[in-house]
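A structural walkthrough
Given next are the chains, with one letter for each unit.
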Amino acid sequence: MSSPLTEIESVSSHASEDSISAQENEDGYHRSALWRSLFVLSQDLRAVNEHTVSSVPTTNNPRPLRVMGDNAEYWVNDSSDIFTFKFPATLDLEEAPTTQLDLFALKRMRAQFEIRPLDADATDVYPEEAIRCSSTAIDMLNVLHGEAEDARNTCKYL
């Protein structure tokens, strides 16, 4: 007897394979491993979609978490678990990061990189679902960052 989780995973995987097969039959050619991986990622339950931003509680976010042992701020869900999500992106390996951080923060930082959304015109390389997920994730990160900055600026003037 299989567990409910195993059944959900197998149904989800099977649905993705059916969707990939339908895409391949429609286009008449076999998709690359990258294309297939990005398609499956974009169908994941934790993949960013148009409802992801509205699922993030606005009260008390972001905030420090004592269990993390640092002073960083974290976005949390309604259960106070760290808010996590998946999305495809590309890494900018050519340009140096342009974020305005102070030297003290840079000395303690372990990694810094810039991400970019998938190229919207590369539909022959990336599935449209993955391009949409990538673009939505970048928009969501901008919205969350903007809301946090607005809240901080409002508190400064109260």
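Residues numbered from 1 in each chain as written. Predicted model: local features only at pLDDT ≥ 70, side-chain atom pairs only at ≥ 80, totals over all residues. Heavy atoms only, no water.

Once that is clear, we can look at the overall build of the protein chain. Scanning the protein chain from N- to C-terminus turns up 4 helices and 4 strands. For the protein chain, buried positions account for 22% of its 158 residues. In the protein chain, of all internal contacts separated by at least 6 residues, the share reaching a separation of at least 24 is 52%. About 11700 Å² of surface is accessible on the protein chain, with carbon and sulfur atoms providing 53% of the total. (Helix = DSSP H or I, 4+ residues; strand = E, 2+ residues; numbered from the N terminus. Buried < 20%, exposed > 50% of the residue type's maximum accessible area, 1.4 Å probe, protein only. Contact = heavy atoms within 4.5 Å. Areas by Shrake-Rupley, 256 points an atom, 1.4 Å probe, with all protein chains shown as cover.)

Moving on, we come to the nonpolar core. Counting 8 residues, the largest nonpolar core consists of Ala-47, Val-48, Val-56, Phe-83, Cys-133, Ala-137, Met-140 and Leu-144. Setting aside anything within four residues of it in sequence, one finds Leu-144 in contact with Val-56 and Trp-75. Judged by nonpolar contacts, the second largest core, of 6 residues, contains Leu-38, Ala-122, Tyr-126 and Ala-130. (Core = buried A, V, L, I, M, F, W, Y, C linked by side-chain atoms within 4.5 Å.)

Tallied over the full model, the rule gives 2 salt bridges. Put simply, Lys-86 and Asp-44 hold a salt bridge, and the shortest N to O gap is 3.3 Å. Of the two residues, Lys-86 sits in the loop between strand 2 (73–74) and strand 3 (90–91) while Asp-44 sits in the loop between helix 2 (33–43) and strand 1 (63–64), which places them 42 residues apart along the sequence. Through salt bridges with shared partners, one network takes in Asp-44, Arg-46 and Lys-86. (Salt bridge = Lys/Arg side-chain N within 4 Å of Asp/Glu carboxyl O.)

With that settled, consider helix 2. Residues of helix 2 that are buried: Trp-35, Leu-38, Phe-39 and Ser-42. End-on view of helix 2: buried residues confined to an arc of 105°, all on one side of the axis. (Arc of directions from axis to C-beta.)

Along the chain, Val-40 turns up in helix 2. Placed 87 residues apart in sequence, Val-40 and Pro-127 show a C-alpha to C-alpha distance of 9.7 Å.

To continue, consider the packing of aromatic side chains. Scanning all chains against the criterion turns up 3 aromatic pairs. With 5.4 Å between their ring centres and 5° between their planes, Trp-35 and Phe-39 make a pair best called stacked. Here Trp-35 and its partner Phe-39 are both found in helix 2, 4 residues apart, which amounts to about one turn of the helix. Pairing Phe-83 with Phe-85 gives two aromatic rings, centres 5.4 Å apart and planes at 45°, and the pair type is tilted. (Phe/Tyr/Trp six-rings, centres within 6.5 Å; stacked < 30°, edge-to-face > 60°.)

Our focus in this paragraph is the environment of Thr-123. With respect to the helices and strands, Thr-123 occurs in the loop between strand 4 (115–116) and helix 4 (128–156). With relative accessibility at 39%, the residue Thr-123 sits in the partly exposed group. With 88 residues separating them in the primary sequence, Thr-123 and Trp-35 have C-alpha atoms 9.7 Å apart. Apart from residues lying up to four places away in sequence, Thr-123 is in contact with Glu-128 and Ile-131.

Attention now moves to the confidence of the model for the protein chain. Close inspection of predicted coordinates is inappropriate for parts of the model with low pLDDT. Mean pLDDT over the protein chain: 76, with 67% of residues reaching 70 or higher. For the protein chain, the element scoring lowest by mean pLDDT is helix 1 (residues 4–27), at 51; helix 2 scores highest, at 91. This model gives residues 1–15 a pLDDT under 50, and the stretch forms 1 contact once residues within four places in sequence are excluded. (pLDDT = per-residue confidence, 0-100.)

Here Arg-63 lies in strand 1. Of the side chains with opposite charge, Asp-81 lies nearest to the buried Arg-63, which makes no salt bridge, at 8.6 Å. Only 3.3 Å separates the side chain of Arg-63 from the backbone oxygen of Asn-60, close enough to count as a polar contact. Beyond its immediate chain neighbours, meaning those up to four positions away, Arg-63 contacts Ala-72, Glu-73, Tyr-74, Val-76 and Ser-80. (Lys, Arg positive; Asp, Glu negative; His and termini not counted. Polar contact = N/O pair within 3.5 Å; in protein donor to acceptor, adjacent residues only side chain to side chain.)

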